[in-house]
Amino acid sequence: MSRDLKIAAAREALGFVEDGMKLGIGTGSTADEFIRLLAEKIKDGLNIVGVPTSERTASLCDELGVPLATLEEMPQLDLTVDGADEVDRKLDLIKGGGGALLREKIVAAASQRMVVIADSSKMVDVLGAFPLPIEVNRFGLTATRIAVERASGALGLAGEIRLRGGEDSPFVTDGGHLILDASFGRIRDASALSTALLGVPGVVQHGLFIGMASAVVIARPAGIEVKSSNR
Ligand code: 5RP
């Protein structure tokens with residue numbers, strides 16, 4: 001997505017932010033644009049406090065003067081604004097391309113509303129062209145990978161499951177876990193896959209965000225579209 005479209009989506013999402021809000025702040029290049037615009041508004045007098053969904057987001061917010069609190073200090077949030085890797089027609093998502101899916105899901109779940117910012121290339125009929133990030137405990141990695149293969153296979157899903165970063169220097173999440181990227185292809189029943197994956201003890205969380213987005217701001221060269229759900 002071009003930077004201009006990311007900025008356009010982020011600017012539209014600023015319209016959801018009200019003075020005094022407790023805000024979950026997402027992770028990724030689109031969320032970074034939102035943070036930059038938010039910081040300008042704060043300089044102009046907007047009063048918000050943010051909870052970052054990653055160390056990366058916390059650093060950018062600190063650098064730009066966006067006031068932060070921890071989720072412990074503010075366990076109930078008004079709104080989270082975050083990006084996504086895929087969005088389907090029901091506004092279900094795949095997230096975790098930036099590796100922050102666990103904190104992103106915890107923060108979104110603690111928020112009254114979640115607004116997703118994306119460009120039209122992220123819109124899909126069926127989730128799954130983007131490899132599904134699955135955050136796993138380091139302990140028992142191979143056993144967990146086998147269990148994930150079995151659980152997904154029982155639902156008719158197969159495909160390469162890669163350790164992000166490779167065996168020699170795996171990507172480590174902010175929570176100290178690893179990520180398996182699963183190229184399942186079209187995920188027809190995301191809820192069933194979610195249940196199956198969460199039944200694997202070594203799986204910490206996965207990047208399917210089902211029924212969580214309240215609205216998606218979609219930026220296209222021709223303009224902005226906002227799709228809302230009744231969440
Ligand atoms: C990070 C995420 C991001 O929101 C997702 O990867 C989209 O990133 P970008 O805005 O850079 O395309 O889920 O874990």
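Here is what the cut-offs are and how they apply
Residues numbered from 1 in each chain as written. Predicted model: local features only at pLDDT ≥ 70, side-chain atom pairs only at ≥ 80, totals over all residues. Heavy atoms only, no water. Near = heavy atom within 4 Å. Polar contact = N/O pair within 3.5 Å; in protein donor to acceptor, adjacent residues only side chain to side chain. Areas by Shrake-Rupley, 256 points an atom, 1.4 Å probe, with all protein chains shown as cover. Nonpolar A, V, L, I, M, F, W, Y, C, P; charged D, E, K, R; others polar. Domains from an automatic or database assignment. Contact = heavy atoms within 4.5 Å. Buried area = accessible area lost by both parts, 1.4 Å probe. Salt bridge = Lys/Arg side-chain N within 4 Å of Asp/Glu carboxyl O. Pairing = 2+ DSSP bridges. Helix = DSSP H or I, 4+ residues; strand = E, 2+ residues; numbered from the N terminus. Core = buried A, V, L, I, M, F, W, Y, C linked by side-chain atoms within 4.5 Å. Buried < 20%, exposed > 50% of the residue type's maximum accessible area, 1.4 Å probe, protein only. Phe/Tyr/Trp six-rings, centres within 6.5 Å; stacked < 30°, edge-to-face > 60°. Lys NZ or Arg CZ within 6 Å of the ring centre and 35° of its normal. Expected span 1.5 Å × (residues − 1). Arc of directions from axis to C-beta.

Asks: Could you give an account of the site of the ligand, naming the residues involved and the relevant values?
Replies: The full set close to the ligand counts 16 residues, and Ser-29, Thr-30, Asp-85, Gly-96 and Lys-122 are the nearest of them. Taking Gly-96, its main chain carries an N or O atom lying 2.8 Å from an oxygen atom of the ligand. Ala-100 places a polar main-chain atom, nitrogen or oxygen, 3.1 Å from an oxygen atom of the ligand. Protein contacts shield 89% of the accessible area of the ligand, which totals 380 Å² for the unbound molecule. Broken down by class, the residue content of the shell around the ligand amounts to two nonpolar, nine polar and five charged.

Asks: Explain the domain arrangement of the protein chain to me, using residue names and the numbers behind them.
Replies: Each domain of the protein chain was delimited in the assignment, giving domain 1 (3–123 + 210–222) and domain 2 (132–202). Put simply, the middle of domain 1 and the middle of domain 2, counted by C-alpha atoms, are 25 Å apart. Of the residues lining the interface, 12 residues belong to domain 1; the matching set on domain 2 comes to 14 residues. Of the roughly 870 Å² buried where domain 1 meets domain 2, counting both sides, 62% is carbon and sulfur surface. Where domain 1 meets domain 2, there are zero salt bridges. Our count for the contact surface shared by domain 1 and domain 2 stands at four residue pairs in polar contact (both at pLDDT 80 or more). Across the side of domain 1 that touches domain 2, the residue classes tally to four nonpolar, five polar and three charged.

Asks: Go over the sheet that holds strand β11 (residues 208–209) with me, naming the residues and quoting the values.
Replies: Here three strands make up an open sheet; going across it, the order is β4-β5-β11 and the pairing antiparallel. Unpaired on one side and paired on the other, β4 (86–87) and β11 mark the two borders of the sheet. In the sheet, strand β5 (residues 93–94) pairs with β11 via two bridges, with the strands oriented antiparallel. Opposite Leu-93, over in β11, you have Phe-209 as the bridge partner.

Asks: Please set out the nonpolar core residue by residue, giving values where relevant.
Replies: Counting residues in hydrophobic clusters, the biggest one holds 28 residues, and the most contacted among them are Val-17, Leu-23, Phe-34, Leu-38, Ile-48, Val-66 and Ile-117. At the level of secondary structure, the elements contributing two or more residues to this core comprise α1 (3–14), β1 (22–25), α2 (29–43), α3 (55–64), β3 (77–82), β6 (111–119) and β12 (215–220). Apart from residues lying up to four places away in sequence, Ile-48 is in contact with Val-17, Glu-18, Met-21, Leu-23, Leu-38, Ile-42, Val-66 and Pro-67.

Asks: Just give me the short version of the packing of aromatic side chains, but keep the residues and values in it.
Replies: What the rule picks out here adds up to zero aromatic pairs. Geometry around Phe-209 places Lys-105 over its ring, the cationic atom sitting 5.1 Å from the centre. Above the ring of Phe-171, the side-chain terminus of Arg-164 is found at 5.5 Å from the ring centroid.

Asks: Any details on the pattern of salt bridges? Residues and values, ideally.
Replies: Applying the stated criterion across every chain yields a total of 13 salt bridges. Residue Glu-55 pairs with Arg-103 through a salt bridge whose shortest N-O separation is 2.9 Å. Remark: Arg-103 occurs in helix α4 (residues 101–109) and Glu-55 occurs in helix α3; sequence separation between them is 48 residues. Look at Arg-103 and you get partly exposed, because its relative accessible area is 31%. One salt bridge in this structure joins Arg-89 and Asp-125, with 2.6 Å as the shortest N-O distance. Here Arg-89 is found in the loop between β4 and β5, whereas its partner Asp-125 is found in the loop between β6 and β7 (132–136), with 36 residues between them in sequence. Comparing Arg-89 with Asp-125 shows no difference in burial state: the two are exposed. Sharing partners across several salt bridges, the network here consists of Arg-3, Glu-33 and Arg-36.

Asks: So, helix α5 (residues 141–153): which residues are in play, and what are the values?
Replies: Its 13 residues give α5 an end-to-end C-alpha distance of 18 Å, which sits within 8% of 18 Å, the value for a rise of 1.5 Å per residue. If you check which residues of α5 are buried, you get Leu-141, Thr-144, Arg-145, Val-148, Ala-151 and Ser-152. The buried side chains of α5 occupy one side of the element, clustering within an arc of 130° when seen end-on. The exposed set on the far side of α5, more than 90 degrees from its buried face, consists of Thr-142, Ala-143 and Arg-150. Where α5 is buried, its residues meet β7, β8 (161–163), β9 (178–182), α6 (190–198) and β10 (203–206).

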